[in-house]
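Descriptive analysis of the structure
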Amino acid sequence: MTRSEIRDELLSQHAGLRARLDIARRAVERWALNEIPRDSVRDELAALADALRSHNLREEGVRDMIRAVDAWGPARVEIMEEAHVREHHHLFDALVALQRTEDPREGVRELERLRTRLLEHMAREEETFLNVDVLRDDDVAIDAQEG
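Let us look at the structure shown here. (Residues numbered from 1 in each chain as written. Predicted model: local features only at pLDDT ≥ 70, side-chain atom pairs only at ≥ 80, totals over all residues. Heavy atoms only, no water.)

Now for the side chain of Arg38. As for its position among the elements, Arg38 is in helix H2 (residues 38-60). Look at Arg38 and you get buried, because its relative accessible area is 17%. Side-chain polar atoms of Arg38 contact the backbone oxygen of Arg100, separated by 3.1 Å. In terms of polar contacts, Arg38 uses its side chain to reach the side chain of Glu102, at 3.2 Å. The residues contacting Arg38, other than those within four sequence positions of it, are Trp31, Gln99, Arg100, Thr101 and Glu102. (Helix = DSSP H or I, 4+ residues; strand = E, 2+ residues; numbered from the N terminus. Buried < 20%, exposed > 50% of the residue type's maximum accessible area, 1.4 Å probe, protein only. Polar contact = N/O pair within 3.5 Å; in protein donor to acceptor, adjacent residues only side chain to side chain. Contact = heavy atoms within 4.5 Å.)

Rendered as structure tokens:
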């Protein structure tokens, strides 16, 4: 796959995650209104967790490619390995905690916190890693000393 194809794949996964977040939000809201059982919410949260896990594995698999893109590549990968991976763990922890929530009103609040955090996380990824300046098909390297 080319870099732009990988970027498009990851951005498509982000769109899918946003859609799964919306589905999960609607499920939690319906649970809070006593329209659906808690198990339905757990199913939607499990689907969101699976999509997030698959995306994270794919994303982490492009580290070497990002490292080699330009002079800033190693710094980008360092950011991924520190804050980025730690954030992935926090998001999964929040999903697990949400799945255990017994109170539907608390579930609504927790999902909204998770949703906000995940949307912010994806926006940072798109700005930092998943853009045409980082995952491009040409081999033009930008010297970190220039400018």
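Turning our attention to the pattern of salt bridges. By the definition in use, this model includes 15 salt bridges. A salt bridge links Arg53 to Asp50; its shortest N-O distance comes to 2.9 Å. With Arg53 and Asp50 both in helix H2, this residue pair falls three residues apart, about one helical turn. Here Asp50 falls in the partly exposed class, since its relative accessible area comes to 44%. The closest approach of N and O atoms between Glu110 and Arg113, which form a salt bridge, is 2.1 Å. Note that Glu110 and Arg113 are positioned in helix H5 (residues 104-128) at a spacing of three residues, about one turn of the helix. (Salt bridge = Lys/Arg side-chain N within 4 Å of Asp/Glu carboxyl O.)

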